[in-house]
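Chain by chain, the residues:
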Amino acid sequence: MALDRKVRACLLEATQTGDAELLQEAHELLCQSKQPVAPEDGLTHQGLSPELPVLLAEAAIQLRQPELAEEALRGYFLRRDLNSGQFMCRAYLARAQLEGFKASQRKGQGMVDLTLAGLAYVQQALDITKGDPRYKFLVYNASVHYWWVSRALRRTGYWHHLLGTMPAVVQAMSVLPEEDNEWRVRALCDLARVYDEAKQPDQAAKTLTEANTLAAKLQNERLNYSIYRMQLNSTRNNAAQFAALQKLATTKTKQAQMAVQTARTGIAAPAEGAKGAKPPATGAAPTGVELNATEKVLSEAINVYVPAPGADGKAAPKVEDKKGAAPPEPMDLRLVGELGLLCMCNGNHLPQLAERCAAAVEAVKDTNLSAIVMSEYIRALLLVDELGPEADLYTRHSVEVRCESLARLDKALISAGRADDPDLVQEGAILIWNTGLPLLQPNLRLCVRKAYSTAAGILAELDSPLHELRAQLHLEIAKCEVAGDLFAAAIAQCDAALRLDYKGTEEAQARTGRVRPLDAQLQPLYKKLVLKMSLYQAPERGEDKALLLVEQGRDAKGVLRANLLERAATILSKLPPIADRPEEDVESGGGSLPPGVIPEPSEPIDPTLTAGGVRRERATLWCEICKLAWAARLPRLTLAAAKVSLSESWDVETDRDLVLAQAQIWFAQAEAQYLQLSTRGLQPGEPLPTAPPGAASGVVAAVKREAEAVAQQRLQVLEGFVQGMRLGVQLKEDWIVINAGVYLWNYFLPLVKTGQYADIFPALDETFTALRDLPTRSPELTSSIGAALADALLARHAAGQPPPNPGLGGKETSADRAVAVAEAAVNGVDPMVAQRALGTLARAKKAQGGPA
């Protein structure tokens, strides 16, 4: 038995010290025991204890050595002398953990299948414990293993996969002693979620009733509140059950809890006049403000549950109860904070009531940490709300206030991490994401870096099931790191995001062709960063070589940038015809996935690995070359890249990024053409080339051809701005349309000043219409272009020409149209800004025959 003791000693020391080498030593000793051994000191080796491989597997799992654990368990189950007892049960649980490890490296259906395989081993372990009171402790262990292995499925959209296994596990837990009642209650709550998602509301209600009965013995208010909210949620589609629960809300606290869940899930409150309906509360909202159904529920609950503020704005002091009266009901401050927070979330806008709740929390000494954090959340949201309409504008003040709100939420979230309140943490992370959304602009992105990093980090520590939110946070943090040239940190963020599993909306999946739509941004970014960080390994694919050169050119300047971009363009122009990527790239992800992450066989092939994806990849590279070339004022390369970039058309819905890039390419091409003209002194407004008097016929013909070419190039400049604007209208991107108007005005202003409207009239007409119809208007630009268009119409009127597509049954004159345009140009615009348009309007009315 010396060898047996030696193996056990190795395992004990390995688990105590974390030394994986000792595990390997124990494994080698077990392997030696399978060989014949000569007698030693007159004694013969006895067979080792059959449970040693199980102990080795458990220790290997504890030290994150799954391969060693797998091998140990394989040897254990190959034995012929196995007994159905404690160690076989533990072996099944160890096997379940190994399947859980494998599932954590997978996504989608692959993750689901491996998780269910692990849960099947837990069920086999529970089968061994049935009917034997000695194995009650193993029932508890099995339930813990079940929780750990099924963790990946315990989130929205995946709960229903547990319907085949969880009821049996919860039933088996009924033999646990009373000290484990809280664990049983939580298991029952999880089972209710399974039934709810599986569309079995009656079973969910029955399970919650059992959980409520068991929880009544625990005196755990937080757990009771959670159960009550789940009961309310399970009745959201059953008015009768909801009414029954409403009758049980006999205390102010229960009524407030009902209001919270009503606001969160949108459960309809009883109609006015219906049995059980309460009279409307007074002082619920500012006079004249129309409340929606949810806001009415919240306002009534707050007026009943939260003390009204005193004259100084603080919570009013409590009034002493009369002798013999029932003691006042204690106020749940976290619940007060939750009511206040809901006043500013989920489409509700009740800032005065939110302020009242925050003041009520802050007025109480020794407030619990969760309530204090809720109060801080409310204060941060009120900061942004006080901006009013300015919150939608990018003024210095609004940005500073939003940054201050983010900083406050950041501190509150850190405190929430110490409050042992996962729901509070997730609530704070969502608030940080939403508050920072308007700041996700190239020049403001770094403002969100700290708060987003805090949110992503604390959600990762919590292993939060909000995987999509976590992936979004990691993506934006990666962009911040790239902006700061911290490429290794950016790779780490992309790695973390690409390992998360979630399901995008059906619309997003259709648009991107992916189950996880954010991968459309994450994978190219990850691949690009890995290429930039690979100092000693050159890429093999031509597209990857071009990508690396483009990224190097992005950071270079002067002649070096020009050389790098020229090389990239040369590589792209010599690539073979577009085709699907090789099979090995499809199986590995084509270098766009982190180590250990593989494409799921059951999911559609990554669109970037198909011929269509390769086509998009090349088009994106040409667009990048064009934009970088124009930024470096390289007109020849800009025009060459633009010609390729604009040669294909893309779908506005599925290829939005490429359409957006093409709009910018149209602008870059037009500016490059203008630069070529201006270097020769032939920009719009300057006279066309003419032959000198007495020149030979050959010279005259050559100059004429040159003049025609210049006139054509000027029209191409104009067409480029108009084409870019049209794409902006299709994309509904106001900034593109406004930029097109600015380009048109700046580059063709000499023609406006000299009244040369013949060539630019159609462009003025189309641009003014687009600017006028924008949700975000640019008053000065719209007024200026409107005035120029009205002047052009007056010129047509003077020449006796009708407007394009005349109205009024064909009787509309150019003067009539000029009046309409000029009125639109001055409508809602400061008179000091619209001076030119006002003068044009007066002239148009005079030309129309009416009073000026």
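### Brief notes about the overall build of the protein
In terms of helices and strands, the protein carries 36 helices and zero strands. Computed over the C-alpha atoms, the radius of gyration of the protein is 36 Å, more than 25% above the 29 Å expected from 2.2 N^0.38 for a compact globule of 852 residues. Judged by the C-alpha coordinates and their principal axes, the protein covers about 125 × 90 × 45 Å. For the protein, buried positions account for 46% of its 852 residues. By sequence separation, contacts in the protein at least 24 residues apart represent 67% of the contacts at least 6 residues apart. About 43,000 Å² of surface is accessible on the protein, with carbon and sulfur atoms providing 54% of the total.

### Quick word on unusual backbone geometry
Not every positive phi belongs to a glycine, and Lys199 is a case in point at roughly 60 degrees. Among the secondary structure elements, Lys199 is positioned in the loop between α9 (181-197) and α10 (201-215). For Lys199, a relative accessible area of 72% gives the class exposed. Of note in the backbone geometry, Lys732 takes a positive phi value of approximately 60 degrees without being a glycine. Judged by relative accessible area, which is 71%, Lys732 ranks as exposed.

### Side note on the packing of aromatic side chains
For the structure on display, the rule yields 12 aromatic pairs. Chaining the aromatic ring pairs together yields one cluster made of Phe667, Tyr674, Phe721, Tyr743 and Tyr747. Across the ring face of Tyr158, the terminal group of Arg155 is positioned such that the distance to the ring centre comes to 4.2 Å. One Lys or Arg, Lys254, reaches over the ring of Tyr228 and ends 4.1 Å from the middle of that ring.

### Description of the nonpolar core
With 90 residues, the main nonpolar core has Ile625, Phe748, Ile760 and Leu764 as its most contacted residues. For this core, the element with the most residues is helix α30 (residues 656-679), which contributes 12 residues. If near-sequence neighbours (up to four positions away) are discounted, Phe748 is found in contact with Pro684, Arg714, Val717, Leu718, Phe721 and Ile760. In terms of nonpolar packing, the next biggest core, distinct from the first, is built from 75 residues, Tyr146, Cys189, Tyr195 and Leu223 among them.

### So, the packing of helix α28 (residues 611-631) against α30
Between α28 and α30, the least distance of the axes is 9 Å, while the angle of their chain directions is 35 degrees. The interaxial crossing formed by α28 with α30 has left-handed handedness. Residue-level contacts link Arg616, Ala619, Thr620, Cys623, Cys626, Lys627 and Trp630 of α28 to Asp657, Leu658, Ala661, Gln664, Ile665, Ala668, Glu671, Ala672 and Leu675 of α30. Considering only residue class, the contact of α28 with α30 consists of 10 nonpolar, two polar and four charged.

### Thoughts on the side chain of Asp190
Within the fold, Asp190 resides in helix α9. On the accessibility criterion, Asp190 (12% relative accessible area) is buried. Setting aside residues no more than four positions away along its own chain, Asp190 makes contact with Trp147, Arg154, Trp159 and Met166.

### Side note on the environment of Gly436
Tracing the sequence through the fold places Gly436 in helix α19 (residues 422-436). For the pair Gly436 and Gly596, spaced 160 residues apart in sequence, the C-alpha to C-alpha distance is 32 Å. Other than its neighbours up to four places away in sequence, Gly436 contacts Leu406, Val448 and Tyr452.

### Section: the state of the cysteines
Summed over all chains, the structure comprises zero disulfides. We note that Cys480 lacks a disulfide partner, and the nearest cysteine sulfur, in Cys447, lies 9.0 Å from it. On the basis of relative accessible area, Cys480 is assigned to the buried category, the value being 1%.

### Comments concerning helix α31 (residues 697-731)
Its 35 residues give α31 an end-to-end C-alpha distance of 51 Å, which sits within 8% of 51 Å, the value for a rise of 1.5 Å per residue. Downstream of α31 by a residue or two, Lys732 has a phi angle that is positive, lying close to 60 degrees.

### Remarks on the pattern of salt bridges
Counted according to the given criterion, the structure contains 56 salt bridges. In this structure, Arg334 and Glu338 form a salt bridge, with 3.3 Å as the shortest nitrogen-oxygen distance. Taken together, the residues span about one helical turn, with Arg334 and Glu338 both in helix α15 (residues 333-342) at a distance of four residues. Here the two residues Arg334 and Glu338 agree in accessibility, since each one is buried. Look at the salt bridges and you will find they share partners, linking Arg222, Arg229, Arg264, Arg334, Glu338, Asp421 and Glu427 into a network.

### Overview of the packing of α15 against helix α17 (residues 369-385)
Contact pair α15 / α17: the axes reach a minimum separation of 8 Å and the direction vectors enclose 20 degrees. Viewed along their axes, α15 and α17 adopt a mutual orientation that is roughly parallel. In terms of crossing hand, the pair formed by α15 and α17 is left-handed. On the side of α15, the interface is formed by Leu333, Arg334, Gly337, Glu338, Gly340 and Leu341, while α17 contributes Ser370, Ala371, Met374, Tyr377, Ile378 and Leu381. Split into classes, the residues belonging to the contact of α15 with α17 amount to seven nonpolar, three polar and two charged.

### Concerning helix α26 (residues 558-573)
For an α-helix, 3.6 residues make a turn, and residues three or four places apart therefore share a direction. When the terminal C-alpha atoms of α26 are compared, their 23 Å separation across 16 residues agrees well with the 22 Å that a helix rising 1.5 Å per residue should span. Buried residues of α26: Arg561, Ala562, Leu564, Leu565, Ala568, Ala569 and Leu572, and no others. Here the buried residues of α26 occupy an arc of 165 degrees about the axis, which is enough to place them on one side. Facing away from the buried side of α26, by more than 90 degrees, are the exposed residues Val559 and Leu560. Where α26 is buried, its residues meet α25 (542-555), α28 and α29 (635-645).

### Description of the confidence of the model for the protein
Looking at the protein as a whole, the pLDDT averages 86, with 92% of positions reaching at least 70. Mean pLDDT across the secondary structure elements of the protein bottoms out at helix α12 (residues 239-247), with 76, and peaks at helix α20 (residues 449-462), with 96. Low confidence marks residues 36-46, where pLDDT is under 50. Its contacts with residues over four positions away, or in another chain, come to six contacts. Across residues 269-285, confidence stays below pLDDT 50; counting only partners more than four residues off in sequence or on other chains, it has 17 contacts.

### What about the environment of Ala308?
Checked against the element boundaries, Ala308 lands in the loop between α14 (293-305) and α15. Counting along the chain gives 297 residues from Ala308 to Leu11, while the straight-line C-alpha distance between them is 64 Å.

### Brief notes about the environment of Pro167
For Pro167, the location among the structural elements is in helix α8 (residues 166-172). For Pro167, a relative accessible area of 25% corresponds to the partly exposed category. Apart from the residues lying within four places of it in its own chain, the contact partners of Pro167 are Leu162, Leu191 and Tyr195.

### Focus: the side chain of Gln669
Mapped onto the secondary structure, Gln669 falls in helix α30. Take Gln669: its relative accessible area is 13%, and that puts it in the buried class. The residues contacting Gln669, other than those within four sequence positions of it, are Leu639, Ala642, Lys643 and Leu646.

Conventions and cut-offs
Residues numbered from 1 in each chain as written. Predicted model: local features only at pLDDT ≥ 70, side-chain atom pairs only at ≥ 80, totals over all residues. Heavy atoms only, no water. Helix = DSSP H or I, 4+ residues; strand = E, 2+ residues; numbered from the N terminus. Rg over C-alpha atoms; globule rule 2.2 N^0.38 Å. Buried < 20%, exposed > 50% of the residue type's maximum accessible area, 1.4 Å probe, protein only. Contact = heavy atoms within 4.5 Å. Areas by Shrake-Rupley, 256 points an atom, 1.4 Å probe, with all protein chains shown as cover. Phe/Tyr/Trp six-rings, centres within 6.5 Å; stacked < 30°, edge-to-face > 60°. Lys NZ or Arg CZ within 6 Å of the ring centre and 35° of its normal. Core = buried A, V, L, I, M, F, W, Y, C linked by side-chain atoms within 4.5 Å. Axes fitted to C-alpha atoms, helices over the stretch in contact; angles between N-to-C directions. Left-handed = near helix turned anticlockwise from the far one by under 90°. Nonpolar A, V, L, I, M, F, W, Y, C, P; charged D, E, K, R; others polar. Disulfide = S-S within 2.5 Å. Expected span 1.5 Å × (residues − 1). Salt bridge = Lys/Arg side-chain N within 4 Å of Asp/Glu carboxyl O. Parallel < 35°, antiparallel > 145°, perpendicular 65-115°, else oblique. Arc of directions from axis to C-beta. pLDDT = per-residue confidence, 0-100.

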